[in-house]
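# Structure at a glance
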Amino acid sequence: MAEAQNNPVIPAGSTTAGSIAVAAESTVATRMSAPPSFDVADFPVPHGREEEWRFTPLERLRGLHDGTAAATSEGVKVVVEAPEGVIVETVGRDDARLGRAGTPVDRVAAQAYSAFEKASVVTVPKETVLTEPVRIAVHGQGGVAYGHQVIELGAFAEAVVVIDHTGDAVLAAGVDYLLGDGAKLTVVSVQDWDDRAVHAAQHNALVGRDASFKSIVVTFGGDVVRLHPRVTYAGPGGEAELYGLYFTDRGQHQEHRLFVDHNTPHCKSNVAYKGALQGDDAHAVWIGDVLIEAAAEGTDTYEMNRNLVLTDGARVDSVPNLEIETGEITGAGHASATGRFDDEQLFYLMARGIPEHEARRLVVRGFFAELVQQIGVQDIEERLLTKIEEELEASVA
């Protein structure tokens, strides 16, 4: 498996971390796109030649990108199951918490923010430590929908949130994560849509001082899935871990575009996404953008993407980007690798009497194992391993 790496490590210089109460909004979506905005009119209708759209099959977004997709009564049904002590609200567009974590960075995200009527807000009060996850079920009912979800943790609160997408829908949505100082949030977002579904979403995380944010994005289903996780920091000492796994099957387009904005001193980030692809016209896209601003002294960051191509006819586009505006950092690096099965691994297993099909299954399970273990919710882990098995069985059926 060929791998391209760029791992500069620069010794940290002396620095004094200032007190930062609120993170300033980044002026970029990526370094080659329009400034973020809540106004749809600030984003021209994409034509596919733009940097942020050149990999996306616009004709399969079913009108989400050009304003022709009108919301229907049979869009999605959202059900929230929360442990005792968690506050679940449905709020109007004037709620002050909406949009605090980040601003839309493309036309679809701006359309989603402009079009929803009610938003769901889940609040974990300060110093509350949940022993059971909050579960948010988003089930498509065959129509078009625009939605917005806010997850807010007070200072020193701890929670695990599972957002599970199933059914059939054309959905554009925004999800905001607001972490108070010292809070710890783990989010598992599962995209297990039916074959025809289209899902475009922007995930914004605003990480407070000394807070910890872990995101695990799992994508299996859907015709087109385009997700844009973003992280900014509201104070020094924040940590973000962004994990993802995807299994792209015949004809599917799965696109994950990440942006980590190190805008605050002494924060950390770690990104690790892995994907497997099989079948004709299976297309996976991973864009990893990390910006270390001039003020972000003492930053420590690394991003990695690995892809395993199981059959002919599949395509991967993997683009890690790292921009550094200060030399006073602890470390920064990135890596990207795409390849087929390791012949030596297969030979080792088959030489010990394991049939080729079983050997391939074991290699794929091992490839995903470290990311599945990050989930920490047993029933979700078991479900995903079962889903991987089903995908592999389908490939030899």
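This is a predicted model, so every value here is computed, not measured.

So, how was this worked out
- Residues numbered from 1 in each chain as written.
- Predicted model: local features only at pLDDT ≥ 70, side-chain atom pairs only at ≥ 80, totals over all residues.
- Heavy atoms only, no water.
- Axes fitted to C-alpha atoms, helices over the stretch in contact; angles between N-to-C directions.
- Helix = DSSP H or I, 4+ residues; strand = E, 2+ residues; numbered from the N terminus.
- Parallel < 35°, antiparallel > 145°, perpendicular 65-115°, else oblique.
- Left-handed = near helix turned anticlockwise from the far one by under 90°.
- Contact = heavy atoms within 4.5 Å.
- Nonpolar A, V, L, I, M, F, W, Y, C, P; charged D, E, K, R; others polar.
- Phe/Tyr/Trp six-rings, centres within 6.5 Å; stacked < 30°, edge-to-face > 60°.
- Lys NZ or Arg CZ within 6 Å of the ring centre and 35° of its normal.
- Salt bridge = Lys/Arg side-chain N within 4 Å of Asp/Glu carboxyl O.
- Buried < 20%, exposed > 50% of the residue type's maximum accessible area, 1.4 Å probe, protein only.

So, on to the packing of helix 2 (residues 343–350) against helix 3 (residues 356–372). The interhelical angle for the contact between helix 2 and helix 3, taken along N-to-C directions, is 125°, at an axis separation of 9 Å. With respect to each other, helix 2 and helix 3 are oriented oblique. Of the two elements, helix 2 crosses helix 3, and the hand of that crossing is right-handed. Across the interface between the two elements, Q345, L346, L349 and M350 from helix 2 touch E356, A359, R360, L362 and V363 from helix 3. Within the contact of helix 2 with helix 3, the residues separate by chemical class into six nonpolar, one polar and two charged.

Applying the stated rule across the entire model yields five aromatic pairs. An aromatic cluster of three or more residues is present, and its members are F38, Y113 and F116. The ring of Y113 carries the charged tip of R93 above its face, separated from the ring centre by 5.4 Å. Cation over ring: R93 sits above F116, and NZ or CZ is 4.4 Å from the ring centre.

Applying the stated rule across the entire model yields 19 salt bridges. The salt bridge involving D312 is made with R340; its shortest N-O contact spans 2.6 Å. Highlighted residues: D312 in the loop between strand 15 (300–309) and strand 16 (315–324) and R340 in the loop between strand 17 (331–339) and helix 2, separated in sequence by 28 residues. Accessibility expressed as a relative area gives 45% for R340, which makes it partly exposed. Through salt bridges with shared partners, one network takes in D106, R226, E255 and R257.

In short, shape yes, function no, at least from these values alone.
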